[in-house]
Amino acid sequence: MRIDIVTIFPEYLAPLRLSLVGRAVDARTIDLRVHDLRAFTHDRHHTVDDTPYGGGPGMVMSPAAWGEALDHICGRRGVEADDGAHRPTLVVPTPSGRRFTQATAQEFSREPWLVFACGRYEGIDARVTQHYAGRPDWNGVRELSIGDYVLAGGEVATLVMVEAAARLVPGVLGNETSVLDDSFAAGEMENLLEGPVFTKPPVWRDLAVPEVLLSGHHGRIAQWRRDQARVRTADHRPDLLH
Ligand code: 6GU
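Residues numbered from 1 in each chain as written. Predicted model: local features only at pLDDT ≥ 70, side-chain atom pairs only at ≥ 80, totals over all residues. Heavy atoms only, no water.

What to know about the state of the cysteines
Disulfides are covalent bonds that connect the sulfur atoms of two cysteines. A complete count under the given rule lists zero disulfides for this structure. Cysteine C74 is unpaired, with the sulfur of C118 as its nearest cysteine sulfur at 18 Å. By relative accessible area, which is 0% here, C118 ends up buried. (Disulfide = S-S within 2.5 Å. Buried < 20%, exposed > 50% of the residue type's maximum accessible area, 1.4 Å probe, protein only.)

Structure below.
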C-alpha cells in the first residue's frame, strides 16, 4: 500500500516512523511518502494561504500549490490510458467531513494508494476537492472527520486514520493479536466495546482476577467476555446498543 501525505509540517508525521506503522514502513509493506506543500510554491516566502473571499476571520489555503503537489504525486499530466488499478484516493481530513469509523479504516486498508491533504487555517479552497473529485485519474475524494471537536490542522487526524488503517493491512500486525476482537470490529464486535483485560499476578493490591479467566473453560470465558463487552458498552456508550 502506498501512502502520500502533503503538509506544511512534515515533522508532524514523524511518529509514523515508529512502532507498528514504522515497522511496516521499514518492511516496505507500506510505502510512506511525506511531502512539504511549500516545495510547490514559487514566491520568495513560499506562501500557501490568502484571505477568504466574502470576508471573515482567518486564512484559506490557496488552490495553486495543492494542485501542483497533487499532480506531482499522481505523476500524470491530464488523462491517459489507465486500467484503473492504481489510481490514488484523495483523503481530506476536516471537521466538516463525514465521520471516519472502523469501517472506513477497513476500506482504507484495502486501497492500493491513499493521498492525505493536511489543511491548516480555515481549510483548503473548496475548488481543490471539486477538481480532484472529477479527475478520472484519481479514485475520488473522501472528506473525513475523526470526531466532533476541532483540531488546529489535518496532521493529527491523518496520524489517526493512517494508524487505524495500517494495522488492518495483512502482515502489519503479528498473528498474536486478532483484529476480530477489537472494539468496533466488523461482525461480533461491530457495535460493542471490548471488555476489561487482565494479566499476572492473580491478586494485585487485594484485587483478584475474575475466577472464570483462570478456569480454562474456553466456552465460559468467551461467554464472559461477550457479557462484559455488553456491560461496558451499556455504561460507556449506550448509544451503540440497538
Ligand atoms: Cl479530520 N481535522 C481537523 N482540523 N479537526 C478535526 C478533524 C479533522 N476531525 C475532528 N476535528
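Quick notes on the nonpolar core
Within the largest apolar cluster, 30 residues are counted, with the highest numbers of intra-cluster contacts made by I3, I5, L16, I30, F108, F116 and M161. For this core, the element with the most residues is helix α5 (residues 155-166), which contributes seven residues. Counting 20 residues, the second-largest nonpolar core is a separate cluster that includes V6, F40, I73 and V128. (Core = buried A, V, L, I, M, F, W, Y, C linked by side-chain atoms within 4.5 Å. Helix = DSSP H or I, 4+ residues; strand = E, 2+ residues; numbered from the N terminus.)

Quick word on the pairing of strand β5 (residues 89-99)
The two faces of the sheet receive side chains in turn, since in a regular strand these alternate between them. Note that β5 and strand β6 (residues 113-117) share three bridges and pair parallel. If you follow V91 over to β6, its bridge partner there is F116. Note that the unit made of β5, helix α3 (residues 102-109) and β6 has a crossover that is right-handed. Relative to strand β7 (residues 141-145), β5 runs parallel, the two sharing six bridges. Across the sheet, the residue bridging to P93 is L144, located in β7. (Pairing = 2+ DSSP bridges. Right-handed = clockwise from strand over helix to strand, strands pointing away.)

So, the packing of aromatic side chains
Where two aromatic rings form a pair, the distance of their centres and the angle of their planes describe that pair. Going through the model one piece at a time under the given rule, you end up with four aromatic pairs. Note on F100 and F108: the rings are 5.9 Å apart at their centroids and 50 degrees apart in plane angle, and the pair reads as tilted. Exposure class is identical for F100 and F108. Each is buried. Between the aromatic rings of F108 and F116, the centroid separation amounts to 6.4 Å while the plane-to-plane angle is 80 degrees, which identifies the pairing as edge-to-face. Residue classification places F116 among the buried residues on the basis of a relative accessible area of 0%. A network of ring pairs unites the aromatic residues F100, F108 and F116 as a single cluster. (Phe/Tyr/Trp six-rings, centres within 6.5 Å; stacked < 30°, edge-to-face > 60°.)

Some details on the domain arrangement of the protein chain
Segmenting the protein chain into domains produces domain 1 (1-165) and domain 2 (176-238). Put simply, the middle of domain 1 and the middle of domain 2, counted by C-alpha atoms, are 37 Å apart. (Domains from an automatic or database assignment.)

Observations regarding the site of the ligand
Taken together, P93, T94, P95, L144, S145, I146, G147, Y149, V150, L151, G153 and A157 make up the full set of residues near the ligand. Take G153: an N or O atom from its main chain is 3.4 Å from a nitrogen atom of the ligand. Surface burial for the ligand is 97%, taken as the share of its 290 Å² of free accessible area covered by protein chains. Elements supplying a minimum of two residues to the shell around the ligand: β5 and β7. Considering each element in turn, the shell around the ligand owes the most residues, three residues, to β5. Of the residues belonging to the shell around the ligand, the class tally is eight nonpolar, four polar and no charged. (Near = heavy atom within 4 Å. Polar contact = N/O pair within 3.5 Å; in protein donor to acceptor, adjacent residues only side chain to side chain. Areas by Shrake-Rupley, 256 points an atom, 1.4 Å probe, with all protein chains shown as cover. Nonpolar A, V, L, I, M, F, W, Y, C, P; charged D, E, K, R; others polar.)

Section: the sheet that holds strand β2 (residues 31-36)
Across the sheet, which stays open at both edges, the five strands sit in the order β2-β1-β6-β5-β7 with parallel pairing between neighbours. Among the strands making up the open sheet, the edge pair consists of β2 and β7. Neighbour-to-neighbour, the strand axes of the sheet open up by a mean angle of 30 degrees, direction not taken into account. (Axes fitted to C-alpha atoms, helices over the stretch in contact; angles between N-to-C directions.)

Some remarks on the environment of Q223
Structurally, Q223 can be placed in helix α6 (residues 218-236). Taking the C-alpha atoms as reference points, Q223 and V212, separated by eleven residues in sequence, lie 10.0 Å from one another. Among the polar contacts made by the side chain of Q223, one reaches the side chain of R226 at a distance of 2.9 Å.

Here's the deal with a nonpolar patch on the surface
Together, F9, Y12, Y149, L151, V156 and V160 give the surface a local cluster of nonpolar side chains, amounting to about 490 Å² of exposed area. Tracing the backbone through its elements, the reader meets F9 in the loop between β1 (2-7) and α1 (19-26). (Patch = residues over 30% accessible without salt bridge, like charges linked within 9 Å, V, L, I, M, F, W, Y side chains within 5 Å. Salt bridge = Lys/Arg side-chain N within 4 Å of Asp/Glu carboxyl O.)

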